[in-house]
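Given next are the chains, with one letter for each unit.
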Amino acid sequence: PQNKECPPDREDLGRATWTFLHTMADHFPERPNLQQQHKAYTLLTNLADLYPCGECAEHLQVEVKNNPPDTRSRSLLSQWLCGVHNNVNVRLGKDAFDCSLLGDRWGEGPSDGSCD
Ligand code: FAD
């Protein structure tokens, strides 16, 4: 059968990328060694150059230059990414996400068990 799925648009690509990035940050070690910190740093700075949406990539390049990825721990990386995502949200006229709720969305899930 022929593939009836369409290529991703900017929104699909964005949702998939944020899902990957926030989940990766949630799995990053709380006490990373220098090599792990370097790997996360280069992934994020290279993403800014390679991200396949020109306008998005340009913004991300400025962002990582002015506010480099904080890879010193899982919590700092997760909070850094939440801030970067919120800057995009605000630029697009969306509500900012409450970064104290990262674990409910991307980590262990809400304590009411609704995602178990
Ligand atoms: P998304 O913004 O994709 O978010 C997915 C889910 O993440 C949300 O449903 C929410 O549960 C959660 N979430 C939201 N905010 C946060 C946060 N701060 N921290 C943690 N979790 C959060 N689109 C453009 O039109 N122009 C751009 O310049 C642009 N730049 C982008 C740059 C990057 C690096 C990326 C990855 C995407 C970019 N996008 C851009 C796409 C845009 O950010 C959205 O992904 C897209 O508009 C779809 O939005 P959405 O409302 O479905 O939720």
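Throughout what follows, the structure given in this document is the object of discussion.

Now for the layout of surface pockets. Considered as a void within the structure, the largest pocket measures approximately 850 Å³ in volume. Looking at the largest pocket, it is lined by 37 residues, and the ones nearest its centre are G14, W18, H85, V88 and L92. Listed by contribution, the elements that provide at least two residues to the lining of the largest pocket are helix 1 (10–27), helix 2 (34–50), helix 3 (54–66), helix 4 (74–91) and helix 5 (102–106). The class makeup of the residues in the lining of the largest pocket is 19 nonpolar, 9 polar and 9 charged.

For the rest of this paragraph, the subject is the nonpolar core. Counting 13 residues, the largest nonpolar core has L77, W80 and L81 as the members making the most contacts within it. Breaking this core down by element, the ones donating at least two residues are helix 1, helix 2, helix 3 and helix 4. At 4 residues, the largest contribution of residues to this core is made by helix 4. The residues touching W80, leaving out its near neighbours within four places in the chain, are L44, V64, N67, P68, P69 and D70.

Let us look at helix 3. Taking 1.5 Å of rise per residue, the 13 residues of helix 3 would be expected to cover 18 Å, and the 19 Å separating its terminal C-alpha atoms lies within 8% of that figure. Turning to helix 3, its buried residues are A57, L60, E63 and V64. Looking straight down helix 3, one finds that the buried residues subtend no more than 125 degrees of arc, so they occupy a single side. Exposed residues on helix 3 whose side chains face more than 90 degrees from its buried face are E58, V62, K65 and N66. Buried-residue contacts for helix 3 involve helix 2 and helix 4.

What counts as what
Here the residue numbers are simple positions, counted from 1 along each chain's written sequence. Confidence filtering applies because this is a predicted model: local features only for residues at pLDDT of at least 70, side-chain atom pairs given and counted only at 80 or more, and all residues used for totals across whole chains, interfaces and linings. Calculated side-chain values reflect all of the structure's heavy atoms, with hydrogen atoms and water omitted. Throughout, the protein atoms alone are placed on a 1 Å grid, and a set of points is a cavity if a 1.4 Å probe fits but cannot get out or a pocket if it is open with protein on both sides within 12 Å along at least five of seven lines; lining residues have an atom within 4 Å of a point. Grid points are joined across faces, edges and corners, and a volume is the space filled by probe spheres set on the points. Under the DSSP-based scheme used, a helix requires at least four consecutive residues in state H or I and a strand at least two consecutive residues in state E, with every element numbered from the N terminus. All amino acids are sorted into three groups, where Ala, Val, Leu, Ile, Met, Phe, Trp, Tyr, Cys and Pro are nonpolar, Asp, Glu, Lys and Arg are charged, and the leftover types, Gly among them, are polar. As used here, the term nonpolar core means buried Ala, Val, Leu, Ile, Met, Phe, Trp, Tyr and Cys residues forming a set that is joined through side-chain atoms within 4.5 Å. Relative accessible area decides the class of each residue, using a 1.4 Å probe on protein chains only: under 20% of the type maximum gives buried, over 50% gives exposed, and in between gives partly exposed. Only heavy atoms enter the contact rule, under which two residues are in contact if any of them lie within 4.5 Å. For a helix, the expected span equals 1.5 Å multiplied by the residue count minus one. Starting at the helix axis, one direction is taken to each C-beta atom, and the arc is that of these directions.

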